[in-house]
Amino acid sequence: MQEVNRHLLEISAAVSDGRHALLVLDGAGWYRPGDADRPENVSVLQLPPYSPEINPVETVFQFLKARHFTNQVFEIAEAVSERVVEF
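Source: prediction; values computed, not measured.

**Considering the overall build of the protein chain**
Now for step 1: When helices and strands are tallied, the protein chain shows three helices and two strands.
Now for step 2: N-terminal to C-terminal, the α/β element order of the protein chain is α-β-β-α-α.
Now for step 3: Of all 87 residues assigned to the protein chain, the portion counted as buried reaches 21%.
Now for step 4: A fraction of 30% describes how many contacts in the protein chain between residues 6 or more apart in sequence connect residues 24 or more apart.
Now for step 5: When the accessible surface of the protein chain is totalled, it reaches about 6900 Å², and 55% of it is carbon and sulfur.

Next up, the structure:
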């Protein structure tokens with residue numbers, strides 16, 4: 001059984017009776033669930049390729065890159081974190 005199908009079974013077990021879960025996945029190929037093992041109380045929504053407009057984190061990252069990180073070089077990762085905190 002694929003790892004993602006095991007995950008779906010765990011989600012299914014945590015869903016209350018009479019309820020339904022929706023799992024939203026991006027397009028990574030390693031977690032495409034097989035239909036045969038999918039629980040009835042869990043649905044999967046596969047995001048289209050490169051869809052930053054429906055992924056809020058991507059929108060924030062694009063904003064930060066465009067407004068505050070253009071043409072900058074950081075020597076260490078901590079410098080990036082310090083820069084983000086300034087906003």
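**Some words on the nonpolar core**
Now for step 1: With six residues, the main nonpolar core is built from Leu8, Val15, Ala21, Leu23, Leu25 and Val42.
Now for step 2: Sorting elements by how many residues they give to this core places strand β1 (residues 21-25) first, with three residues.
Now for step 3: Look past the residues within four positions of Ala21 in its chain and what remains in contact with it is Ile11, Val15, Asn41, Val42 and Ser43.

**Topic: unusual backbone geometry**
Now for step 1: Here the phi dihedral of Asn71 falls at roughly 55 degrees; this positive angle occurs in a residue that is not glycine.
Now for step 2: Of note, Asn71 is situated in the loop between α2 (56-68) and α3 (77-85).

**Digging into the pairing of β1**
Now for step 1: Only one face of β1 is covered, namely the one carrying Ala21, Leu23 and Leu25; the face carrying Leu22 and Val24 has none of its residues buried.
Now for step 2: For β1 and strand β2 (residues 42-46), the ladder comprises five bridges, and the chain directions are parallel. Of the residues in β2, the one forming a bridge with Leu23 is Val44.

**Some words on the packing of aromatic side chains**
Now for step 1: One pass over the structure, following the stated rule, counts one aromatic pair.
Now for step 2: Taking 5.6 Å as the distance between ring centres and 55 degrees as the angle between the ring planes, the aromatic pair formed by Phe69 and Phe74 counts as tilted.

**Overview of a nonpolar patch on the surface**
Now for step 1: A contiguous nonpolar patch, built from Leu22, Val24 and Leu45 and spanning about 270 Å² of accessible area, is present on the exposed surface.
Now for step 2: If you trace the backbone, Leu22 turns up in strand β1.
Now for step 3: You can call Leu22 exposed: its relative accessible area is 55%.

**Notes on the side chain of Ser12**
Now for step 1: Here Ser12 shows up in helix α1 (residues 3-14).
Now for step 2: Owing to a relative accessible area of 17%, Ser12 belongs among the buried residues under this scheme.
Now for step 3: At 2.6 Å, the side chain of Ser12 and the side chain of Asn41 are in polar contact.
Now for step 4: Once you skip the residues sitting within four places of it in the chain, Ser12 turns out to touch Pro39, Asn41 and Val42.

Criteria and thresholds
- Each chain carries its own residue numbering, running from 1 in the written order of its sequence.
- The predicted nature of this model means local features are confined to residues of pLDDT at least 70 and side-chain atom pairs, given and counted, to a pLDDT of 80 or more, with totals for whole chains, interfaces and linings taken over all residues.
- Note: side-chain values were computed over all heavy atoms of the structure, leaving out hydrogens and water.
- Secondary structure elements follow DSSP: runs of H or I no shorter than four residues count as helices, runs of E no shorter than two count as strands, and numbering proceeds from the N terminus.
- Any residue under 20% of the maximum accessible area for its type is buried, any over 50% is exposed, and the rest in between are partly exposed; the area is computed with a 1.4 Å probe on protein chains only.
- Here a residue-residue contact requires only that any non-hydrogen atoms of the pair lie within 4.5 Å.
- Residue exposure ignores everything except the shown protein chains as possible cover, and the areas themselves are Shrake-Rupley values with a 1.4 Å probe.
- What is meant by a nonpolar core is a set of buried Ala, Val, Leu, Ile, Met, Phe, Trp, Tyr and Cys residues, joined one to another through side-chain atoms within 4.5 Å.
- In short, DSSP must find at least two bridges between two strands for them to pair.
- Aromatic contacts are taken between Phe, Tyr and Trp rings whose centres are within 6.5 Å, Trp giving its six-membered ring; a plane angle under 30 degrees counts as stacked, one over 60 as edge-to-face, and the others as tilted.
- Only residues above 30% relative accessible area that lack a salt bridge enter a patch, with like-charged residues linked at up to 9 Å and the nonpolar side chains Val, Leu, Ile, Met, Phe, Trp and Tyr linked at up to 5 Å.
- Here a salt bridge means any side-chain nitrogen of Lys or Arg lying within 4 Å of a carboxyl oxygen belonging to Asp or Glu.
- N or O atoms within 3.5 Å of each other form a polar contact, as long as, within protein, one can give a hydrogen and the other can take it, and as long as residues adjacent in sequence are counted only when both atoms are side-chain atoms.

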